[in-house]
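Okay, here's what each chain looks like letter by letter:
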Amino acid sequence: PQRLEPMATSPDVKLTQYSHGAGCGCKIAPAVLSTMLKGMKEGPLHPDLLVGNNTNDDAAVVNLGDGTGIISTTDFFMPIVDDPHTFGRIAAANAISDIYAMGGTPLVAIAIFGWPIDKLTEEVAGRVLEGGRSICEEAGIPLAGGHSIDCPEPIFGLAVTGRVPLEQLQKNAAAQPGDILFLTKPLGVGIITTTQKRGNVDPVHLAAAVHSMQTLNSVGAELSAIPGVHAMTDVTGFGLMGHLLEMCQGSNTKAEIYGDQVQTFEGVPQYHAMGMVPGGTHRNFSSYGHHLDLPSGYLRDLLCDPQTSGGLLVAVAPEHAPVVQRLLAEKGMPDAAIGRMLGDKDSQSRESIVSYQKRRDC
C-alpha cells in the first residue's frame, strides 16, 4: 500500500472531543432505522420518481424526460478527525459519493452545518466549511449555499444534486446471480479511527485512512458506463455487510464473500487484536447478523466495521469483470474480486443471505 506522511493537525482544537459519535459511525443502527421508517405512511405514486426509499438506495432519482435523471442526496455527520479542514473534506467527499454510486456526475452542493457556537470559534467553523468547499472544487461543482444552526455538537455535510444518463443509472437492487463483486477502497476505517480516539494509532496508518476518506469515488461514472455493471452502492456506516445485504434484499439474491481477498488498511489486524472495535460494529451485527453465515472474530468484525467515505461496491457480470478489474488496477484501487452474487439454487444455506467462502475461480 502507498505510504503516506502523517496528516497535519490544528494544535489548538481537537474536534472529536466535542462529539459523542464519529463520521458514518453516527448513523442510526439499521434495525432501529427500519423501525422508525415503519411509522411512515406510503405516499402517492409519482410517475417520474425512478428511485425512492423503497429499495434503500443511495439517492433519489427523478426522470427529466430527456433520457437523463436528476439525482438528489444528502449526508452529514459529526467529526471523525480532529483537524477542522480535514473534517470538512471528508464529510463533503462522503456526501458526493452517493451521486457517483448512482452512476452520475455531481452538479451542485449546499451545506448542512451545525455548530456549538459557545464552545468552538467562528474561525474553526470557517476551516470546516473551506475543507468542504475544496472537495467540491475537486469534484468540479460549486458549494452554492446552505443552512446552519446553533447545535450542541459540530455537524457538517452536504445536500448534493447530480445528473445521470438513464442507461447508466445504477441501483443497488439490480444485481444478478453470478455477478462478481469488487470493492474500490480498503476496509478498516472504523477500527483505525477507534484506535486514534484511544491514543494508540500509528500516525502513518491514520494518514492512509484519512487520505482514502478524502478521495472522491468519481470512478463510479466510469464504472457505470461499462456493459455488464448491474449494480453499485457505496459502503459507509452499515459496513460492507450491511450495504451488501441491502443489495441482496433489493435484487432478491444472495452472496458469498471471499474474506481473504478483502483489502484492509495497514495496521487493522493488529489494532483489532488490541480490542479496537468500534461500537458501531456491534450495532451493525446486532441489526443484521442473523442474515450472515460468517465466522466470529476478526473477519466478521472487519466486514461489519462502519466505514466513512468508503469505496464503491460493484456487481458486474462475469464476462465483463476483467474490464472492471483493469480499470481499478489502472487507478491504483483494490482490483481483486471479493465475492459473487448467488441465486437460491447456488446457495448452500437457506437461512443466510451472505456467507463466507474461500476464493474460487471467477
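The structure displayed is predicted, hence computed values, not measured ones. (Residues numbered from 1 in each chain as written. Predicted model: local features only at pLDDT ≥ 70, side-chain atom pairs only at ≥ 80, totals over all residues. Heavy atoms only, no water.)

Engineer: I would appreciate a short explanation of the pairing of strand β12 (residues 339-342) in the present structure.
Structural biologist: Side-chain positions along a regular strand alternate between the two faces of the sheet. Relative to β12, strand β7 (residues 180-183) is paired through two bridges, and the arrangement is antiparallel. If you follow Leu-181 over to β12, its bridge partner there is Gly-339. With four bridges joining them, strand β9 (residues 254-257) and β12 adopt antiparallel strand pairing. Bridge assignment links Glu-256 to a residue of β12, and that residue is Arg-340. (Pairing = 2+ DSSP bridges. Helix = DSSP H or I, 4+ residues; strand = E, 2+ residues; numbered from the N terminus.)

Engineer: Looking at this model, I keep getting lost on the pattern of salt bridges. Mind explaining?
Structural biologist: Pairing between side chains becomes possible if they bear opposite charge and their charged atoms approach one another. Following the criterion strictly, the structure yields seven salt bridges and no others. Among the salt bridges present, the one from Glu-138 reaches Arg-89, with a minimum N-O distance of 2.8 Å. Taken together, the residues Glu-138 in helix α3 (residues 122-138) and Arg-89 in helix α2 (residues 84-101) connect sequence positions 49 residues apart. Look at Glu-138 and you get partly exposed, because its relative accessible area is 48%. By relative accessible area, which is 13% here, Arg-89 ends up buried. Measuring nitrogen to oxygen at the nearest pair gives 2.5 Å for the salt bridge that ties Glu-123 to Arg-127. (Salt bridge = Lys/Arg side-chain N within 4 Å of Asp/Glu carboxyl O. Buried < 20%, exposed > 50% of the residue type's maximum accessible area, 1.4 Å probe, protein only.)

Engineer: Even after reading the chapter, I still don't get the nonpolar core, so can you show me in this structure?
Structural biologist: For soluble globular proteins, the rule of thumb is that nonpolar side chains tend to be buried together. In this structure, Ile-96, Leu-158, Leu-181, Met-241, Leu-244 and Val-354 are the most contacted members of the largest nonpolar core, which totals 78 residues. The element that contributes the greatest number of residues to this core is α2, accounting for nine residues. Membership of the second largest hydrophobic core comes to 17 residues, among which are Ile-180, Leu-223, Val-324 and Ala-337. (Core = buried A, V, L, I, M, F, W, Y, C linked by side-chain atoms within 4.5 Å.)

Engineer: What exactly am I supposed to notice about the sheet that holds strand β13 (residues 354-356) here?
Structural biologist: Across a sheet, strands are paired by hydrogen bonds formed along the backbone, either parallel or antiparallel in direction. The seven strands lie next to each other as β8-β11-β7-β12-β9-β13-β10, forming an open sheet whose pairing is mixed. Of all strands in the sheet, those bounded by a partner on one side alone are β8 (229-234) and β10 (292-293). Here four bridges tie β7 to strand β11 (residues 312-316), and the two strands are oriented antiparallel to one another. Residue pairing in the sheet places Phe-182 in a bridge with Val-314 of β11.

Engineer: In this structure, what is going on with the side chain of Thr-195? I would like to understand it.
Structural biologist: Mapped onto the elements, Thr-195 comes out in helix α4 (residues 189-197). For Thr-195, the side chain forms a polar contact with the main-chain oxygen of Ile-191, separated by 2.8 Å. Sequence-distant contacts of Thr-195, defined by excluding residues within four places in its chain, comprise Asn-200, Val-201, Tyr-271 and Met-276. (Polar contact = N/O pair within 3.5 Å; in protein donor to acceptor, adjacent residues only side chain to side chain. Contact = heavy atoms within 4.5 Å.)

Engineer: Looking at this structure, how should I read the packing of aromatic side chains?
Structural biologist: The geometry of two aromatic rings is summed up by the distance between their centres and the angle between their planes. Taken as a whole and assessed by the stated rule, the structure comprises four aromatic pairs. With 6.4 Å between their ring centres and 75 degrees between their planes, Phe-87 and Phe-156 make a pair best called edge-to-face. Here Phe-87, found in helix α2, pairs with Phe-156, found in strand β6 (residues 155-165); they are 69 residues apart in sequence, far enough to count as distant. The class of Phe-87 is buried, set by a relative accessible area of 0%. Taking the relative accessible area as the measure of exposure, Phe-156 reaches 0% and is therefore buried. Ring centres 6.0 Å apart and planes at 80 degrees place the aromatic pair Phe-113 and Phe-156 in the edge-to-face group. Taken together, the residues span a long stretch of sequence, with Phe-113 in strand β4 (residues 105-115) and Phe-156 in strand β6 at a distance of 43 residues. On the accessibility criterion, Phe-113 (10% relative accessible area) is buried. An aromatic cluster of three or more residues is present, and its members are Phe-77, Phe-87, Phe-113, Trp-115 and Phe-156. (Phe/Tyr/Trp six-rings, centres within 6.5 Å; stacked < 30°, edge-to-face > 60°.)

Engineer: Mind showing me how you'd approach the sheet that holds β6 here?
Structural biologist: Spatially, β1-β2-β3-β6-β4-β5 is the arrangement adopted by the six strands of the open sheet, whose pairing is mixed. Bordering the open sheet on either side are β1 (49-51) and β5 (143-150), each of which pairs with just one other strand. Geometrically, the sheet is characterised by an average inter-axis angle of 20 degrees between neighbouring strands, direction not taken into account. As paired strands, β1 and strand β2 (residues 60-63) are joined by two bridges and run antiparallel to one another. Across the sheet, residue Val-51 finds its bridge partner in β2, namely Val-61. (Axes fitted to C-alpha atoms, helices over the stretch in contact; angles between N-to-C directions.)

Engineer: Teacher, can you tell me more about the pairing of β4 here?
Structural biologist: As paired elements, β4 and β6 share nine bridges and run antiparallel to each other. Bridging across to β6, Ile-112 finds its partner in Gly-157. Crossover β4 to β5 through α3 is right-handed. (Right-handed = clockwise from strand over helix to strand, strands pointing away.)

Engineer: What is the right way to read the packing of α4 against helix α5 (residues 203-213) from this model?
Structural biologist: The angle between the axes and the distance between the axes are what describe a pair of packed helices. In the contact formed by α4 and α5, the axes pass within 10 Å of each other and the chain directions differ by 130 degrees. Regarding the angle of α4 to α5, the classification is oblique. As for how α4 packs across α5, the hand of that crossing is left-handed. Where α4 approaches α5, its residues Val-189, Ile-192, Thr-193 and Gln-196 are matched on the opposing element by His-205, Leu-206, Ala-209 and Met-213. Counted by class, the contact of α4 with α5 contains five nonpolar, three polar and no charged residues. (Parallel < 35°, antiparallel > 145°, perpendicular 65-115°, else oblique. Left-handed = near helix turned anticlockwise from the far one by under 90°. Nonpolar A, V, L, I, M, F, W, Y, C, P; charged D, E, K, R; others polar.)

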